[in-house]
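Secondary and tertiary structure notes
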Amino acid sequence: MKLLSLLPVIAGTAQAAVQGFDISHYQSSVDFAGAYSSGMRFVYIKATEGTTYTDPKFSSHYTGATNAGFIRGGYHFARPTSSSGAAQAQYFVAHGGGWSGDGITLPGMLDLEGDCAGLSTSSMVSWISNFSNEYHSLTGRYPVIYTTNSWWTSCTGNSGSFHDTSPLMLARWGSSAGTIPGGWPYYTIWQYKDSNAYGGDSDVFNGDATQLKKLATG
Ligand SMILES: *[C@@H]1O[C@H](CO)[C@@H](O)[C@H](O)[C@H]1NC(C)=O
């Protein structure tokens, strides 16, 4: 009897986690209507890198995602040695990475991956702070931070400076999210697979559709 009464709760939990994906120009065209029909509800789309590069597919992807009903946002690939965090936040916001509390726009995401760009952990933390603070002053939101446990540990010394302000998008391809770095109590989005039936990577939001909408409302 106890087990039976638990079943609806388990089913509800499985349904609650909202599926999504993230894409860039590597996906030349995306079947957004099909992706939406498959159950996915959010997408992060590459917008910029450094202060010189805008993804050539950003606009068409963003329009396609919007028309299909997705909650969507842009992301910025960090180039911490090419210019300051603030300069890159300005460039990102000027090229699609802005935010408004319309319920369909995710806070811009800062993509931190690769090597540590030769920066000390304290210089990296300063660079990320400079980006985050500028993004906040321009948009009213702090960016979502995308990282892996190993990148955050080696490149920031496992900094606990961002968990109170930025939602975490944790990358770990596998069946569990593993260690959550940086003092974050949980991930907001987990990138759990480097592929997706509709292109890009597979992501899951740590909550239901109402909570996802809240993230896009502020
Ligand atoms: C970013 O860093 C520059 C250079 O150190 C500084 O002048 C500026 O005030 C910083 N901006 C923010 C928003 O932290």
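The structure presented is a predicted model; accordingly, all values stated were derived computationally and were not measured.

Between the first and last C-alpha of helix α4 (residues 85-97) there are merely 14 Å, a value that for 13 residues lags more than 12% behind the 18 Å anticipated at 1.5 Å per step. Burial in α4 covers these residues: Gly 85, Ala 86, Gln 88, Ala 89, Tyr 91, Phe 92 and Gly 97. In this structure, the buried residues of α4 make contact with β2 (42-49), β3 (53-54), β4 (71-77), β5 (109-111) and α5 (121-139).

Once that is clear, we can look at the nonpolar core. Within the largest apolar cluster, 38 residues are counted, with the highest numbers of intra-cluster contacts made by Phe 21, Phe 32, Phe 70, Leu 112, Ile 128 and Trp 152. Counting 16 residues, the second-largest nonpolar core is a separate cluster that includes Ile 71, Val 144, Leu 212 and Leu 215.

Another aspect to go through is the site of the ligand. Taken together, Ala 86, Asn 130, Asn 133 and Glu 134 are the residues near the ligand. A distance of 2.3 Å is found between an oxygen atom of the ligand and a side-chain nitrogen or oxygen belonging to Asn 130. Here the ligand has 360 Å² of accessible area as a free molecule, and 36% of this is covered by the chains. Among the elements that take part in the shell around the ligand, α5 stands out by supplying three residues, more than any other. Of the residues in the shell around the ligand, the class split is one nonpolar, two polar and one charged.

So, how was this worked out
- Residues numbered from 1 in each chain as written.
- Predicted model: local features only at pLDDT ≥ 70, side-chain atom pairs only at ≥ 80, totals over all residues.
- Heavy atoms only, no water.
- Helix = DSSP H or I, 4+ residues; strand = E, 2+ residues; numbered from the N terminus.
- Expected span 1.5 Å × (residues − 1).
- Buried < 20%, exposed > 50% of the residue type's maximum accessible area, 1.4 Å probe, protein only.
- Contact = heavy atoms within 4.5 Å.
- Core = buried A, V, L, I, M, F, W, Y, C linked by side-chain atoms within 4.5 Å.
- Near = heavy atom within 4 Å.
- Polar contact = N/O pair within 3.5 Å; in protein donor to acceptor, adjacent residues only side chain to side chain.
- Areas by Shrake-Rupley, 256 points an atom, 1.4 Å probe, with all protein chains shown as cover.
- Nonpolar A, V, L, I, M, F, W, Y, C, P; charged D, E, K, R; others polar.

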